[in-house]
Amino acid sequence: MSNGSRYRFDDLKAVCANDWQAYIQHDFVAQLGDGTLPSDCFQHYLKQDYLFLIHFARAYALAAYKSRTLAELRQAHEGLKAIVDLELGLHVDYCRKWGISEAELEALPEARATMAYTRYVLDTGHRGDLLDLHVALAPCVIGYGEIANWINRRPTTVRGGDNPFDAWIAMYESDEFQAAMAAERTWVDARLVDVTPARFDELVTVFRDATRLEIDFWQMGLERRS
Ligand SMILES: Cc1ncc(C[n+]2csc(CCO)c2C)c(N)n1
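None of these values were measured; they are calculated from a predicted model.

This brings us to the overall build of the protein. Each helix and strand counted, the protein has 11 helices and zero strands in total. From first element to last, N terminus to C terminus, the protein shows the α and β order α-α-α-α-α-α-α-α-α-α-α. For 226 residues, the compact-globule estimate of 2.2 N^0.38 gives 17 Å, and the C-alpha radius of gyration of the protein, at 17 Å, lies within 12% of that figure. Considered along the principal axes of its C-alpha atoms, the protein spans approximately 50 × 35 × 30 Å. Relative to its full complement of 226 residues, the protein shows a buried share of 31%.

Around the ligand sit 14 residues in total, of which Phe 52, Cys 140, Val 141, Tyr 144 and Phe 217 are the nearest. Residue composition of the shell around the ligand, grouped by class: 10 nonpolar, one polar and three charged.

Here we come to helix α2 (residues 17–24). Residues Trp 20, Tyr 23 and Ile 24 constitute the buried set of α2. End-on view of α2: buried residues confined to an arc of 90°, all on one side of the axis. At its buried positions, α2 is contacted by α1 (9–15), α8 (130–153) and α11 (197–223).

Below, the discussion takes up the UniProt feature "domain: Thiaminase-2/PQQC" (unreviewed entry) in the protein. Within this structure's numbering, the places UniProt gives as "domain: Thiaminase-2/PQQC" (unreviewed entry) are residues 20–223. Secondary structure across residues 20–223 divides into 81% helix and 0% strand, with the first and last C-alpha atoms of the span separated by 20 Å.

A few words on the nonpolar core. Ala 59, Val 135, Ala 136 and Phe 207 are the most contacted members of the largest nonpolar core, which totals 44 residues. With 10 residues, the top contributor of residues to this core is α8.

Let us look at the environment of Tyr 7. Turning to its location among the elements, Tyr 7 is positioned in the segment before α1. On the basis of neighbour count, Tyr 7 is assigned to the buried category, with 22 C-beta atoms found within 10 Å. In sequence terms Tyr 7 and Leu 203 are 196 residues apart; their C-alpha atoms lie 11 Å from each other.

Summary statistics for the protein give a mean pLDDT of 96 and a share of 98% for residues scoring 70 or more. Reported confidences for the modelled complex are a pTM of 0.96 and an ipTM of 0.96.

One way to put it is that α8 packs onto helix α10 (residues 175–192) with a least axis distance of 9 Å and a crossing angle of 145°. Judged by the twist between their axes, the crossing of α8 over α10 is left-handed. Of α10, the residues touching α8 (which contributes Leu 131, His 134, Val 135, Ala 138, Val 141, Ile 142 and Gly 145) are Phe 177, Gln 178, Ala 180, Met 181, Glu 184, Arg 185, Trp 187, Val 188 and Arg 191. For the contact of α8 with α10, the residue count by class is 10 nonpolar, three polar and three charged.

On to the packing of helix α3 (residues 27–34) against α11, then. Put simply, α3 and α11 touch, their axes get as near as 8 Å, and they point 60° apart. Overall, the two elements α3 and α11 adopt an arrangement that is oblique. Facing α3, whose interface residues are Asp 27, Phe 28 and Val 29, α11 presents Trp 218, Gly 221 and Leu 222. Looking at side-chain class alone, the contact of α3 with α11 contains four nonpolar, one polar and one charged residues.

Cut-offs used in this document
- Residues numbered from 1 in each chain as written.
- Predicted model: local features only at pLDDT ≥ 70, side-chain atom pairs only at ≥ 80, totals over all residues.
- Helix = DSSP H or I, 4+ residues; strand = E, 2+ residues; numbered from the N terminus.
- Rg over C-alpha atoms; globule rule 2.2 N^0.38 Å.
- Buried ≥ 20, exposed ≤ 12 C-beta atoms within 10 Å, placed from the backbone.
- Near = placed C-beta within 6 Å.
- Nonpolar A, V, L, I, M, F, W, Y, C, P; charged D, E, K, R; others polar.
- Arc of directions from axis to C-beta.
- Contact = placed C-beta atoms within 7 Å.
- UniProt positions renumbered as here; feature names shortened; annotations may be inferred.
- Core = buried A, V, L, I, M, F, W, Y, C linked by C-beta atoms within 7 Å.
- pLDDT = per-residue confidence, 0-100.
- Axes fitted to C-alpha atoms, helices over the stretch in contact; angles between N-to-C directions.
- Left-handed = near helix turned anticlockwise from the far one by under 90°.
- Parallel < 35°, antiparallel > 145°, perpendicular 65-115°, else oblique.

What follows is the structure in structure tokens.
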């Protein structure tokens, strides 16, 4: 793209199209949609996702620290509140339904893929600005909404009581979640409008790295890797 171009979130996806597709259409996701994912793979994923969410909450706290305006501070605060007051509680309840107690969650050893991804996001936020941090978070926030929509478009997907993972899909297809995804996309779109090509290239690196780390997170679940 030439100088003076107005970049958008979709340009990040387009430049990283292969990695993005490998993330959204990962075997873990396909098997989850088909209801054929081995339950121990899903349980391993759920446990590591608890640790992921805790670090993700810290990333919103870092976004608060990196804020320059009241609007940015409020946005970070809302994200932190959503995870700490709502999503982590739901996650603990959901884990219990899968036979994973809160005590087990609290004592979990962290898998390397969890460490790599979460610390990458935090480091990117520390050394960069709020846009770097949001681009590092975008595969998570925007990707999971796309994943739910991709699952719903597949002919082999099973919904309802015959799919043990139906509640997981329902969470990410929900209007509330899709609205959060759209809001994040709008925020990133607005910030990308006036970045230079050199800055865009830096952000592409962050987006690609984070997308690859999401792929590794799925693979960790599939291989039950520690
Ligand atoms: C590895 C991994 N990546 C993304 C998500 C999805 N997710 C986690 S927090 C959040 C933002 C909403 O507050 C979203 C979409 C996940 N659960 N685990």
